[in-house]
Amino acid sequence: MVEDSGRFDALLQEDRTFPPSEAFKTQANISDPNIYEEAKRDPEAFWAKFAEELDWFKKWDTVLEWNPPHAKWFIGGKLNVSYNCIDRHLTTSRRNKAALVWEGEPGDRRVYTYWDLYREVCQFANGLKSLGVKKGDRVTIYLPMVPELPIAMLACARIGAVHSVVFGGFSAESLRDRINDSESKILITADGGYRRGGIVPLKQNADDSLKNADGQGNGAPSIEKVVVLRRTESADDKMVNGRDIWWHDLMQGQPLTCEPEQMDSEDMLYLLYTSGTTGKPKGIVHTTAGYLLGTYATFKWIFDIKENDTYWCTADIGWVTGHSYIVYGPLANGATSVMYEGSPDFPERDRFWDIVAKYGVTILYTAPTAIRTFMRWGESYPQKHDLTSLRLLGSVGEPINPEAWMWYHEYIGGGNCPVVDTWWQTETGSILIAPLPGITTLKPGSATRAFPGIEAEILDDQGNSVGPGGGGYLTIKKPWPSMLRTIYGDEERYVEQYWSRYPDIYFTADGAKLDDDGDFWLLGRVDDVINVSGHRIGTMEVESALVDNPKVAEAACIGKSHEIKGQAVVAFVTLKDSVAISDAIITELKAHVATKIGAMARPDDIIFAAELPKTRSGKIMRRLLRDVAEGRALGDTTTLADPAVVDSLKEQYGEEE
Ligand code: 7RM
């Protein structure tokens, strides 16, 4: 069941409340609390009314067809996401409004108006067409946080190609797996990106990913062309003849207009890989109309976006937060979206506050792990800058502890910006649980309540609804427009993962509690997914990376609570008989995981064990390993095959610390 309930009982005693101020309420996009009841009475009508705010080539015939676990929204409708994010603003006063305000880590800056964005997207879309990309083809994008990343995504959307963005922190091997699973025709990358003063060698990784693991042959045979953006001038000698083409050469001479493809509501918009409970990442499938509506509606109401706002989401577009709340939600609303390429401590620890002050950011959306880092660095960094432009703050990625919430509210928001804690997942496409800042009374540490039209419920093991004060599994009882449609190429896993725990109810794999007001308090994952700084990492992925090393016989990974990162990876490893334990092996194994998956999966601790604790049926008991790592009293060990194993582990772990 849900663990750590002791800690969260304490959390539920958190009793500070922040009702919306009169001033905020008066100007809010939505301030009538009746909207919840209205949406609940007829969710389909609620969504259909919101969908009128999008631009359709042809209106839908049917709002929803629900054949559990398959939903189709706005059947018969025709629209284009890039048209909704760009073209429709060009006939309004937004035509010359900044769409993207970008700053590179070295300090270079670029601003794209909606009109600029239109030309860039059209030209690149035409470039993709010239490479033979057609509707339905998959395109993998492996770029740093530069404007060409949203441009490439929107260009795909324009011609009906399916993008699969792979976060630049992923290794060559992770990139190769994702290219192969999606059978992408085209890979879009850059020579490199800037991070903490250094260069991330994206082209090198891309080249490695296109070779086999042994460095020979073709590791990703579906790829026909590689488009390379020149960003760092670090790979000019690495272009492969006949395969690679520079972004600027591809753009050369392409027409400035490109007719948007008329897409069906249910046509695939993109794939995004996320970690699950097996070693293989899942390709989450999002479609056109429902996804666009979900991001459009939640962005408008939760972030209370206004014409003159300057909005900044600090996520990387390689994760779903960047897809929905840097690109699609903001642009569909005609907002100004700030993008920053690099790290928060380059050149100094005040970089974020420098950006907020420089561009007059009014709405800031970031992650608890970042907030906790800033807390540790101290108030002096934000205090060096004028942050009074801010009027709303958001949080996403993991549970936010009340201390971090209060610090954010006080030192970043100056005590008068609502903080919206937004719960959602790659699979949900858009935010499902969050306050509406003109209506909801905020509580530090609570994501409060479900967005109108969303029916969230906490269920116990038996599937009974949990009342106030109770804890259990967070579920979503009705389909919603931006929900995932399937796992790419693995329908069975889709059904098994999300819809088999409770019939016809979406299983989030998150634990949650309900307080006496009916507000939700999220407790973290209940499956084998570790949330490191808001990044989802599968324990099985790290385990397979470890056993891939010839010195390792067996490995089991768990997430351990970490003051800054939320959770950290701890690996319990059994070495092969002939291998002696040493510090060098620890270093080697940590590096091995970083090379196989990416630096974010690198274990904080590696604990060597003669044996791992297993049930009599041979399953590794991760729960016990978690108890050991957290220094907790051991839970039930009666099913353990050899109880002595745990004692020796406890001793070991004690020594490590
Ligand atoms: C948006 C995103 C999803 C998992 C999810 C949760 C955790 C995200 C919150 C949160 C508590 C939040 N997508 N999570 N937001 N937990 N409060 N506000 O992060 O697919 O990468 O991760 O993240 O466990 O299941 S994700």
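Use the structure listed above.
What you are looking at is a predicted structure, and each value in this text was computed from that prediction instead of being measured.

Some words on the packing of helix α5 (residues 81–90) against helix α11 (residues 288–302)
Direction vectors running N to C along α5 and α11 enclose 45°, while the axes themselves pass 9 Å from each other. Considering their axes alone, α5 and α11 lie oblique with respect to each other. On the side of α5, the interface is formed by Val81, Asn84, Cys85 and Arg88, while α11 contributes Thr288, Leu292 and Tyr296. Here the residues of the contact of α5 with α11 are counted per class, giving four nonpolar, two polar and one charged.

Some thoughts on the pattern of salt bridges
Evaluated as defined, the whole model comprises 47 salt bridges. A salt bridge links lysine 203 to aspartate 207, with the nearest nitrogen and oxygen atoms 2.9 Å apart. Pair noted here: lysine 203 and aspartate 207 are both in helix α9 (residues 202–209), with a separation of four residues, about one helical turn. One exposure class covers both lysine 203 and aspartate 207, and it is buried. A salt bridge links glutamate 457 to lysine 477; its shortest N-O distance comes to 2.5 Å. Pair noted here: glutamate 457 is in strand β21 (residues 456–459) and lysine 477 is in the loop between β22 (471–476) and α17 (491–499), with a separation of 20 residues, a long-range link. One salt-bridge network, in which partners are shared between bridges, spans Glu103, Arg351, Asp354 and Lys358.

A few points about helix α20 (residues 622–630)
Inspection of α20 places Arg622, Leu624, Leu625, Asp627, Val628 and Ala629 among the buried residues, and these make up the whole buried set. Just beyond α20, the residue with positive phi is glycine 631, at close to 70°.

Quick look at the packing of aromatic side chains
In total, this model carries 45 aromatic pairs according to the counting rule given. These aromatic residues form a ring-pair network of at least three members: Phe46, Trp47, Phe50, Tyr296, Trp301 and Phe451. Over the ring of phenylalanine 170 we find arginine 178; its NZ or CZ atom is 4.2 Å from the centre of that ring.

Concerning the environment of glycine 168
Position of glycine 168 among the secondary structure elements: in the loop between β7 (162–165) and α8 (172–182). Residues glycine 168 and glycine 193 lie 25 residues apart in sequence; the distance between their C-alpha atoms is 8.4 Å. If sequence neighbours within four positions are ignored, glycine 168 has contacts with Tyr142, Val200 and Leu202.

Side note on the environment of serine 130
Among the secondary structure elements, serine 130 is positioned in helix α6 (residues 114–130). You can call serine 130 partly exposed: its relative accessible area is 48%. Taking the C-alpha atoms as reference, serine 130 lies 9.0 Å from glutamine 254; in sequence the two are 124 residues apart. With residues up to four places along the chain from it excluded, the contact list for serine 130 reads Leu250 and Gln254.

Criteria and thresholds
All residue numbers refer to positions counted from 1 along the written sequence of the respective chain. This being a predicted model, a pLDDT of at least 70 is required before a residue's local features are given, and a value of 80 or more before pairs of side-chain atoms are given or counted; all residues contribute to the totals for chains, interfaces and linings. Side-chain numbers here rest on the full set of heavy atoms in the structure, without hydrogens or water. The axes used here are C-alpha line fits, helices contributing only the stretch in contact, and every angle between their N-to-C directions lies in the interval 0 to 180 degrees. Only runs of H or I of at least four residues qualify as helices and only runs of E of at least two qualify as strands under DSSP, and these elements are numbered from the N terminus. For classification purposes, angles smaller than 35 degrees are called roughly parallel, those larger than 145 roughly antiparallel, those between 65 and 115 roughly perpendicular, and all remaining angles oblique. Contacts between residues were defined by any pair of non-hydrogen atoms, one from each residue, lying within 4.5 Å. Note that Gly is not counted as nonpolar here; it falls among the polar residues with everything else outside the nonpolar set of Ala, Val, Leu, Ile, Met, Phe, Trp, Tyr, Cys and Pro and the charged set of Asp, Glu, Lys and Arg. Take a side-chain nitrogen of Lys or Arg and a carboxyl oxygen of Asp or Glu: if they are within 4 Å of each other, that pair is a salt bridge. For the exposure calls, accessible area comes from a 1.4 Å probe over protein chains only, and a residue counts as buried if that area is under 20% of its type's maximum, exposed if over 50%, partly exposed in between. Only centres within 6.5 Å qualify two rings of Phe, Tyr or Trp (six-membered ring in Trp) as a pair; their planes then separate them into stacked at under 30 degrees, edge-to-face at over 60, and tilted for everything else. When the NZ atom of lysine or the CZ atom of arginine is within 6 Å of a ring's centre and also within 35 degrees of its normal, the charge is said to sit over that ring.

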